[in-house]
Amino acid sequence: MDDDFAASSPPPFLTESLEMAMEVENENSKPPCFSCAFDNQNGGRSFSAESYLASGSLKRVLLTLDPSPNDYDEDVVEMFGFQWVTEMALVESCELLFGLLRQQIHRLEDLVQMSSSDFGQAASLHSEAESIRHQCIEFLHYVKVFIFRYLEPPKVENDGMLHPYEELEAQLPSLLVEELHALTMHIGHLCELPSSVLAAFTIQHQAKVFPPSWHLLHLHLDINWVVLEVLHVLGEKMMRQVVYANHFRNLTGENLTSISLFETHCGNLISDLISLSINKYIKVRPSEALASHHYPCTCIKELWILLIQLLDHRNKGSHTECFWSLVNKTLKNIFERLSSSERTSVFETIQCKDPLSFSWWIITHLASLYQFDRNGNLDEKKESNWKFVEELLKKSTDAQTGVLEEHLRMHLQCCLNLCSFWDLNLSIVTILWDYYSKNLNSCFTVPWLGLKGLANVSKTSLSMLELVKSCCCEQQIPTLYKSSNSYFIFLSILARMMKEAENSGVHPWKQIKGRIYSKFHRRRMQELTEVGVQNFFNLFLMLAIVAETEDIVSRVLDLLDFRTPSSVSVSQRALIWRGHFAFLLIYVEKNMDISVLAEKLSNAFREKAKEFLVTKNDYTQKQNLWTLLSTYIDGVQEVFETSCYLSLSEEKLLNDGFTMLLPACRGAELSVVLNFLQVVLARLRSVHKRVSQGLQLGNTAPDAQLPLVAKEHHLAVASALWRNFFPYLKSQRMSQMPPSPQLADTAAGFTLLALDIPSKALSELQPQPVLSMMQLFGWDDMVWPQLVSRYLSHLIQNSALCEAFSSMGYTSYEALTVRSWFRCVLQMFIDQPSGMLAKTDAERTVGKSYMEQLTEMTRLIFKLSEVENILSKTHVEESVFKQDPKNALVQFIKAVGRTYSGLQTLPEKSAMVAKTLEYLGDVLKYVKPYLKVKGPPEGLQLTYWIIGCLVKFWAPILATSKSQQLLFRIVDCLLLPHSVLQQDKELPVALLSAIQESLPLYLQGLSFICCQSQTQCAYLNQLLGSIIQQYFGRFLPSSPTAPGVGQHPMLTALCSSITAPQMLRLRKTTLHVVNENYMQFKGNAPPPRLASVLAFILEVLQRTQSTELCDIELVLPAVLKCMVLVNELQVKKISTDLLQYMVECCQAGSGGERATQLTSVFRQFIQDYTAVYDHRVFSILETVAVLDQTLVTSLIPTITQSLKDSEHKQGLGRNAAQRKLCPVWHLSQKGCSC
């Protein structure tokens, strides 16, 4: 709809906008004015309700409507305190009214002077100043209304006489032009106001009381704007005829017209506003340019918008220049003022040190104001100023101008911002490319920004692409100054142009590709530094994203061929590879096949991998090659992680170069490759699973063939992985050093791949590749336990794997896994040094890591169905799962033993024996490394303790014929090896300590087996006796009170809570061995360590609180002999204590078997020793008599007979003196007739 209406010829219908403009309110409206003192939260308005925009004042002026239809409808109007006839005042008293206006302005200026020295009257001054400003605005508003309502348009000249009022009325337009000109001259330039007045711009908008300077400043804004409104309304009323200021012309000889006054005042006002903006720009940093507005308050912003709307509206009617034209002319004057002799006075006060940057800044902010419509609401209107911006851009990129990067960034930020406001302009791209094509090797850094401003070369292809992609999407333009350099901002401009043009149906790439390609000739490509190559890739990556990808990539490859290979450094080569991979990522994102580019890259990788393999001693060369190889690995990984279906020939990237790379890798290098391999395996399995599910569900979409194509590519990727990676993995199972954790993780990944895609596994693993993989990495006793534990932890709880073994009928899956757990726990110290040296931090870390891995494996093992079944039957608590793996293993051993003991039928027991043997495997083979080197101490302690628990708690199982061979091997290897049988050879301290701590377990278990076994009973008893014989003396202290001597392991075994038959067997065998080997006299000489032997026996009797027949039979004779033959006080005391303890436990009066045996022992003792040691025998009997008189009484016949035999041998007859020495003489008198 045309915005220009004539009041005399209204259209036949009213549009919605016109109806809104003609709404009539019930109350008189307040005249519009500039005001920044408003609450912008009220309705979310950008401007005050009283503003020229929000109040609709501007719209009424532009639509040639009554400026205020509700006002001035009375006959009389009050202005400046006087009453005036509404319809005649301006005609009759025009000069007077304007004079009163100037007088009021002068009053307000006086108030400003007063307020500077009197702060106590702020409220009254505010009220008075507000009243003055209101009167002035009311008058100016009245002028607009009077012209619209009462001024008659020019009539055709007639020769008739005119009424005096008509004559005055005819002169009014000319008089108004003169008065308005006088008014503008009176108020002067806005920028020339005193600094105290201009400072009012900084007053907070939320203030309620304003100083007179604030009111004066905003009155100047009102006058400057309303003068333009009045001139516009006057021109419309005069039907766009030129109104001459006759009196002015008569006085000066110059022409002053309504149009010239309008143009002059517009130019002056724009110059003033720009001058104010310059003052604000002086304090703005380049990095904050877009975030810093060009207006000191919203009133200035509104005034700019009013000028935009009014000037562009008048330009449509060819009245005057458009807004941009006036702004451009003003800015050009700023550029030229230093060399121009003809300059207006206003520009003499403008000091702009950087007019180029200021021009960019002001143009950008003014362009954003075009978003507001004539009501102050946001709109989509676009009016470009590209021609002037092109001139600015040429100056910014002119080498002679020498614009610094810190300013160039700001200029291009502004340009990018303008691209979002205005339509497409490819000339901008051409200008910028001419500049940047010559400066590709530049870093485009800003020194004072520090590291933030550096142009870093991208470390990965993905980061390179992401950086470029950020140029192709909507960005927070104000933040680009610090986050991007000017080159990237140029790329953002180019990308935006390309995208907008494509959206509008234009094909800009065809127009600009010639200009871009032509800059890259052979010499130019060879001149590119590393930074230049980076910028080269940034440009073409961006173009590949938004334009013809294949064409661009093909051209890039051709251009790179211009570079001489010998002149390309390693870092540049790595950068080129990253650039290639970035193009591959674009292919992947666009779902394009990558085979051509992938083959080119993989062939280069193969060559470098071969060089890496054959390079041995040149460390620098190897490092350089690894830089390239790691770049390739990172790039391939990013391709696999980015590809949605792995259906774009990704397998081409996994060539046989890896078969040469892997054997040459060490340490961190190998870790990088294995981590990469894990990512690829996981990605392939994940995508394959998703695609397979899609095939199962069915797919009727247009891309229904995609899953089938993808599946073929998946098979190709799997085949490449098995062929080029797995052989090396397999070769590292039994390496000399513990493998890295990644090896186990990768092996688990291959196992799951064999589960998902079994057909592509190597032929040596067929026909059941999953089973073969488990046998290689999980169940092989020769594989490092660290590898096995981590490998199995990945797979134990995999339900698909369990189902696979069930389907193939392989029932030993869980048992073999438990066996591997046994081995992993037993071999947890296998890689530690055997010496007693302190561990290094690295060794502690490895040990801690392995313990954590074992703990996790233990938790998972206890979740196996077989293990859960055993634990549930024996009511093992779940807390066991969280225990130390060693303790958890012992708990499992106990649970198995209790489960076996609870079985009733022979078939059940036989099956359980077979299962437990399957759990164990060749357990002695697991601990052989410890035994071979006699260390480390922790390993020996663990070995003897765990296997001791097996012997004790699995004694019923080991007693069976199926298990006895294992038992015999355990005894032979652990307890009775050849080194132990060599008595003259000392055993290592660590070995002896391990045996001492766990020997009770073996003794208790063997004693049970001796009681239970139906076969090999004699041999088992012999083994038990041999063990006791070998170790009793080794752990026996030199004396009972020897310091630092721990409890004898056999004492622990004898005094533990075991069954009576078990205890009796062990006790009898022990005492028999002790008596035969440690209590036998050589003539009258006592055996060594006799006191310690007797103390051991005494402690056994005291702890068990019982005396068995074997004690009396085997121990008492030796004790009595010691009392007779040994004079050592310690031996005598312990022997006496033993005698006392045994006599008290076997009271003769009990009439039991023990008492009979006791009597028999004493009778033999009297017969053997009375003849020679009568004094000592009688002393012992005296002691016994105190304890048990009945026993001694029963021995009287033997005593008497012994005395007779002694006298007979002497041949001297009755020996009265000897008889009197007998302590039982009075008793013997009753019992004999000597």
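The rules we used
- Residues numbered from 1 in each chain as written.
- Predicted model: local features only at pLDDT ≥ 70, side-chain atom pairs only at ≥ 80, totals over all residues.
- Heavy atoms only, no water.
- Salt bridge = Lys/Arg side-chain N within 4 Å of Asp/Glu carboxyl O.
- Buried < 20%, exposed > 50% of the residue type's maximum accessible area, 1.4 Å probe, protein only.
- Axes fitted to C-alpha atoms, helices over the stretch in contact; angles between N-to-C directions.
- Helix = DSSP H or I, 4+ residues; strand = E, 2+ residues; numbered from the N terminus.
- Parallel < 35°, antiparallel > 145°, perpendicular 65-115°, else oblique.
- Left-handed = near helix turned anticlockwise from the far one by under 90°.
- Contact = heavy atoms within 4.5 Å.
- Nonpolar A, V, L, I, M, F, W, Y, C, P; charged D, E, K, R; others polar.
- Core = buried A, V, L, I, M, F, W, Y, C linked by side-chain atoms within 4.5 Å.
- Disulfide = S-S within 2.5 Å.

1. A closer look at the pattern of salt bridges
(1) Moving on: Per the counting criterion, the structure on display carries 28 salt bridges.
(2) Moving on: For Asp884, the salt bridge goes to Lys886, with nearest N and O atoms at 3.0 Å.
(3) Moving on: The class of Asp884 is partly exposed, set by a relative accessible area of 25%.
(4) Moving on: A cluster of three or more residues bridged by salt bridges with shared partners is formed by Glu466, Lys469 and Glu589.

2. Description of the packing of helix 6 (residues 164-187) against helix 10 (residues 258-281)
(1) Moving on: One way to put it is that helix 6 packs onto helix 10 with a least axis distance of 10 Å and a crossing angle of 20 degrees. Judged by the inter-axis angle, helix 6 sits roughly parallel to helix 10. Along this stretch, helix 6 crosses helix 10, giving a crossing that reads as left-handed. For the pair helix 6 and helix 10, contact is made by Val177, Leu180, His181 and Thr184 and by Ser258, Leu261 and His265, respectively.
(2) Moving on: Residue classes in the contact of helix 6 with helix 10 are distributed as 3 nonpolar, 4 polar and no charged.

3. What to know about the nonpolar core
(1) Moving on: Core analysis: the largest hydrophobic core is formed by 420 residues, its most contacted members being Phe540 and Phe1162.
(2) Moving on: Once you skip the residues sitting within four places of it in the chain, Phe540 turns out to touch Ile516, Tyr517, Phe520, Ile552, Val556, Leu559 and Phe583.

4. As for the packing of helix 24 (residues 549-560) against helix 25 (residues 570-589)
(1) Moving on: At their nearest, the axes of helix 24 and helix 25 sit 11 Å apart, and the two run at 170 degrees to each other. What the angle tells us is that helix 24 and helix 25 run roughly antiparallel. Between helix 24 and helix 25 lies a crossing whose hand is left-handed. Across from Thr549, Glu550, Val553, Val556, Leu557 and Leu560 in helix 24, the residues of helix 25 making contact are Ile576, His580, Phe583, Ile586 and Tyr587.
(2) Moving on: For the contact of helix 24 with helix 25, a count of residues per class yields 8 nonpolar, 2 polar and 1 charged.

5. What to know about the state of the cysteines
(1) Moving on: Throughout the structure, instances matching the rule amount to 0 disulfides.
(2) Moving on: With no disulfide of its own, Cys1011 lies closest to Cys1010 among cysteine sulfurs, the gap being 6.8 Å.

6. Re unusual backbone geometry
(1) Moving on: Pro767 follows Gln766 through a cis peptide bond whose omega is 5 degrees.
(2) Moving on: Inspection of the secondary structure puts Pro767 in the loop between helix 32 (741-756) and helix 33 (769-777).
(3) Moving on: Pro936 follows Gly935 through a cis peptide bond whose omega is -5 degrees.
(4) Moving on: Inspection of the secondary structure assignment puts Pro936 in the loop between helix 41 (923-933) and helix 42 (937-953).

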